[in-house]
Protein chains: 2
Amino acid sequence: MKRPTIADVARHAGVSKGAVSYALNGQPGVSEATRQRILAIAAEIGFSPSSAARALSAAASGAVGLALCRPARILGIEPFFMALISGVEAELSARSYALTLQVVADPDAEIAVYRRWWGERRVDGVLVCDLRTDDRRIPALEQLQLPAVVIGGPGGTGALASLWSDDAAALTETVEYLVALGHRRIARVAGLPDLRHTEIRTDAFATVCQRLDLVDAVTVWSDYTGEEGGRATRRLLSSAQRPTAVIYDNDVMAIAGLSVAQEMGLTVPADLSIVAWDDSPLCRLVHPPLTALGRDIPAYGAHAAKQLLAVIGGEPVSRVQDETPHLTPRGSTAPPRGR
Amino acid sequence: MKRPTIADVARHAGVSKGAVSYALNGQPGVSEATRQRILAIAAEIGFSPSSAARALSAAASGAVGLALCRPARILGIEPFFMALISGVEAELSARSYALTLQVVADPDAEIAVYRRWWGERRVDGVLVCDLRTDDRRIPALEQLQLPAVVIGGPGGTGALASLWSDDAAALTETVEYLVALGHRRIARVAGLPDLRHTEIRTDAFATVCQRLDLVDAVTVWSDYTGEEGGRATRRLLSSAQRPTAVIYDNDVMAIAGLSVAQEMGLTVPADLSIVAWDDSPLCRLVHPPLTALGRDIPAYGAHAAKQLLAVIGGEPVSRVQDETPHLTPRGSTAPPRGR
DNA sequence: GACGCCTACTGAACCGGATAAGCTGAGCCA
DNA sequence: TGGCTCAGCTTATCCGGTTCAGTAGGCGTC
């Protein structure tokens, strides 16, 4: 089956291909009658303009890039990315943009991908995930002048546009809630320490614990996997001053932690309260269902995509704070035993 | 920062852009010394050929399309797709192909996307997921002559290349294993009924149950979500002839089923054995850990991508059976109580 | 009725590569 | 020394759009 080109449309309509281009793009230069005739013919023969040809002359590819820098075993297990992608996609496809995805091994490989995408003009802009402290990707993108929106922050995003949720506020609210329940020994199983949002949560945790005089507060680091989350929990629960509540930086580690607690003979929430970050259906599947910090992740992705399209469209760079994660209390949190 | 073009490389090297093209593509027509000089200059100024220009003259975009037709809430929760994507991506990026992703609402929208991609020459081929019975996408793709690999089968894939795992064999093995443990009343919580692999599993289940004379075998349909999986389990466990073992078509429903069973006061595995399809780290996180039918999903994706690139490269259409899912017994299966 | 002006188009250049066809000079041989 | 071959390049064309610089023709105007 031969693909129709603009010349085919022009021939059918008995006009030049310039006229067809004007008609299809809503430009002035053709009469309304001719425009309608051309549109009808284009629809009839199933014409879609070649993205390559359009990209070549318009110097815009109509695609947005997303490079994911996490090992496959974590990517698969965390619902976050797929939810984010589906939101990004919804916004992009509504505006006829394509999403180009690439999984990379490390930040340097990611920078190389950005450089290549830029040189190949393959994408008009990129979404940057998993902001790190002193992130080398930021200056690299600034240098390339490739439109970008950093999903993460605030801070550390250089001159790039960014979108973040107020994790500090969410964490503070969570600690205050646990303290209100009567907890004094609160632990936190954090994600990868070099991620900026881990740092923000860690700082907020330290601040609120100091303010509320929680001297036994402790943070341990993990890598978002269930195995590590379980191990971290086992260490915490084996210590002399066992925490009565644990906040996990993702849902998978929280579920693993719940398993470990039950395996060690503890009852959740009587002996141990558990809070998960990134509420997901998983949190509702386990017993007891997990109290979680949730937010609308597809909407987060959609907002990031919308922001990126604005930057690509030449609008000034914006830094936007999105919805703050909100705490949904479920069965995994309660006052500690003996209070 | 200006993007270097082939003309820039040519100017620096003091040759024509034709010579640069020959040098970069390993074509004869330039001396080895000149080729090396051109390669060095291209690397030095950071030249990558414009994908648009290359696509325009070579009539190949260097991209592969993947349209996902599942609601966001299911996409996010099931690790399957992300694992598949990471495998696809590994194979594609090793061969410098890009992956274009689109989330669609229904099969007709998916066909429209294929038609558009084809007209826009945006992708050189597509991977088709979630094969259905009498799948309208198959004749549409055949008509477009768009290279495609169907992930699913066997059968129902028309003249397209396909890749599948022998779900019938895996299901048969699972039922035989449960029967060997002493189970006679086995139920199955199936996925969406119009998916081809659901049909294949359902047929295999009926066949093996008849052969082994399991008169109480029952299949109920669900939609892969935890909510539905839980509801289906509740119905099954409330019936007079309660099953002693349940096979779930995905991990999320199995975990939900486990929760429901425990909530109803049943002990797993003593009162109820549970088997999950699609082994994932989630299965190891719950208590007891779930016996599961696993396979290497990233490898599955990589094989599909490799097969698609072969079809794009003009090799004959192939139908390939991939690794059969294998049963990993864990704590959720045991002989039924009273045996 | 000559002039300007506007509308509705056409023709051609251009984007940045790939590639077929043409050219050139060196080397070889008769 | 002239002719032939061939490696090693250059030149020109093409891919399918967008867009700019014309241009033809109709219309109003003084």
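Everything below is about the structure printed above this text.
In what follows, the accompanying structure is described. Bear in mind the structure is a predicted one, so any value in this text is a computation, not a measurement.

## Examining the protein's contact with DNA strand C
Point 1. Of all residues adjacent to DNA strand C, which total 24 residues, the nearest are S16(A), G18(A), I6(B), G18(B) and S57(B).
Point 2. Contributions of two or more residues to the surface near DNA strand C are made by helix 2 (17-24) and helix 4 (51-58) of chain A together with helix 2 (17-24) and helix 4 (51-58) of chain B.
Point 3. Examining the composition of the surface near DNA strand C, we find that 5 residues originate from one element, helix 4 of chain B, more than from any other.
Point 4. Broken down by class, the residue content of the surface near DNA strand C amounts to 11 nonpolar, 12 polar and 1 charged.

## Comments concerning the interface of chain A and chain B
Point 1. The interface is formed by 56 residues belonging to chain A together with 56 residues belonging to chain B.
Point 2. Counting only elements with at least two residues in the side of chain A that touches chain B, the list comes to helix 4, helix 5 (72-77), helix 6 (79-94), strand 2 (98-103), helix 7 (107-120), helix 8 (137-144), helix 12 (251-263) and helix 13 (281-285) of chain A.
Point 3. At 9 residues, helix 6 of chain A tops the list of elements feeding residues into the side of chain A that touches chain B.
Point 4. Its residues assigned to classes, the side of chain A that touches chain B shows 29 nonpolar, 18 polar and 9 charged.
Point 5. In terms of strand pairing, strand 2 of chain A meets strand 2 (residues 98-103) of chain B through 3 bridges, oriented antiparallel. Considered in strand 2 of chain B, the bridge of L101(A) is made with L99(B).

## Focus: the relation of the copies chain A and chain B
Point 1. With an RMSD of 0.1 Å, the operation that places chain A on chain B is a rotation of 180 degrees combined with a shift of 0.0 Å along the axis. Viewed as a symmetry operation, the transformation between the two copies matches a two-fold axis.

## Observations concerning the sheet that holds strand 7 (residues 218-221) of chain A
Residue and element names in this part refer to chain A.
Point 1. Taken in spatial order, the 6 strands of this open sheet run 7-6-8-9-10-12, and their pairing is mixed. Strand pairing shows two members of the sheet lacking a second neighbour, strand 7 and strand 12 (326-328), which therefore form its edges. For this sheet, the mean inter-axis angle between neighbouring strands, taken without regard to orientation, is 20 degrees.
Point 2. With 4 bridges connecting them, strand 6 (residues 186-190) and strand 8 (residues 245-248) associate as parallel partners. When the sheet's bridge partners are listed, I186 is paired in strand 8 with A245.
Point 3. Contacting strand 6 and strand 7, helix 10 (residues 196-211) runs over the sheet at an angle of about 170 degrees to strand 6.

## Observations regarding unusual backbone geometry
Point 1. Going from H287(A) to P288(A), the amide bond is cis rather than trans, its omega being -5 degrees.
Point 2. One can find P288(A) in the loop between helix 13 and strand 10 (291-294).
Point 3. The phi torsion at D213(B) lies on the positive side, around 65 degrees, for a residue other than glycine.
Point 4. Position of D213(B) among the secondary structure elements: in the loop between helix 10 (196-211) and strand 7 (218-221).
Point 5. One non-glycine residue, Y224(B), lies in the positive phi region at around 80 degrees.

## Regarding the protein's contact with DNA strand D
Point 1. In the neighbourhood of DNA strand D, 25 residues make up the surrounding shell, with I6(A), G18(A), S21(A), S16(B) and G18(B) lying closest.
Point 2. Listed by contribution, the elements that provide at least two residues to the surface near DNA strand D are helix 2 and helix 4 of chain A together with helix 2 and helix 4 of chain B.

## Quick notes on helix 14 (residues 297-312) of chain A
Residue and element names in this part refer to chain A.
Point 1. Look at helix 14: 23 Å from first C-alpha to last across 16 residues, which is about the 22 Å you get at 1.5 Å a residue.
Point 2. Those residues of helix 14 not exposed but buried are I297, P298, Y300, G301, A302, H303, A304, A305, Q307, L308 and L309.
Point 3. At the C-terminal side of helix 14, G314 shows a positive phi close to 95 degrees.

## Focus: helix 12 of chain A
Since the α-helix advances by 3.6 residues per turn, residues separated by three or four positions end up pointing in the same direction.
Residues and elements named next belong to chain A.
Point 1. Its 13 residues give helix 12 an end-to-end C-alpha distance of 18 Å, which sits within 8% of 18 Å, the value for a rise of 1.5 Å per residue.
Point 2. Within helix 12, 11 of the 13 residues are buried, which leaves the element mostly enclosed by the surrounding structure.
Point 3. The complete set of buried residues in helix 12 reads D251, V252, M253, A254, I255, A256, G257, L258, S259, V260 and A261.
Point 4. Positive backbone phi, at 85 degrees, marks G265, one or two positions downstream of helix 12.

## Some points on the environment of G294(B)
Residues and elements named next belong to chain B.
Point 1. Among the structural elements, G294 can be located in strand 10 (residues 291-294).
Point 2. For the pair formed by G294 and S222, sequence separation is 72 residues and the distance between their alpha carbons is 20 Å.
Point 3. The residues touching G294, leaving out its near neighbours within four places in the chain, are D279, P325, H326 and T328.

About the criteria used
Residues numbered from 1 in each chain as written. Chains lettered and ligands numbered in written order. Predicted model: local features only at pLDDT ≥ 70, side-chain atom pairs only at ≥ 80, totals over all residues. Near = placed C-beta within 6 Å. Helix = DSSP H or I, 4+ residues; strand = E, 2+ residues; numbered from the N terminus. Nonpolar A, V, L, I, M, F, W, Y, C, P; charged D, E, K, R; others polar. Contact = placed C-beta atoms within 7 Å. Pairing = 2+ DSSP bridges. Least-squares fit on C-alpha atoms with pLDDT ≥ 70 in both. Axes fitted to C-alpha atoms, helices over the stretch in contact; angles between N-to-C directions. Expected span 1.5 Å × (residues − 1). Buried ≥ 20, exposed ≤ 12 C-beta atoms within 10 Å, placed from the backbone.

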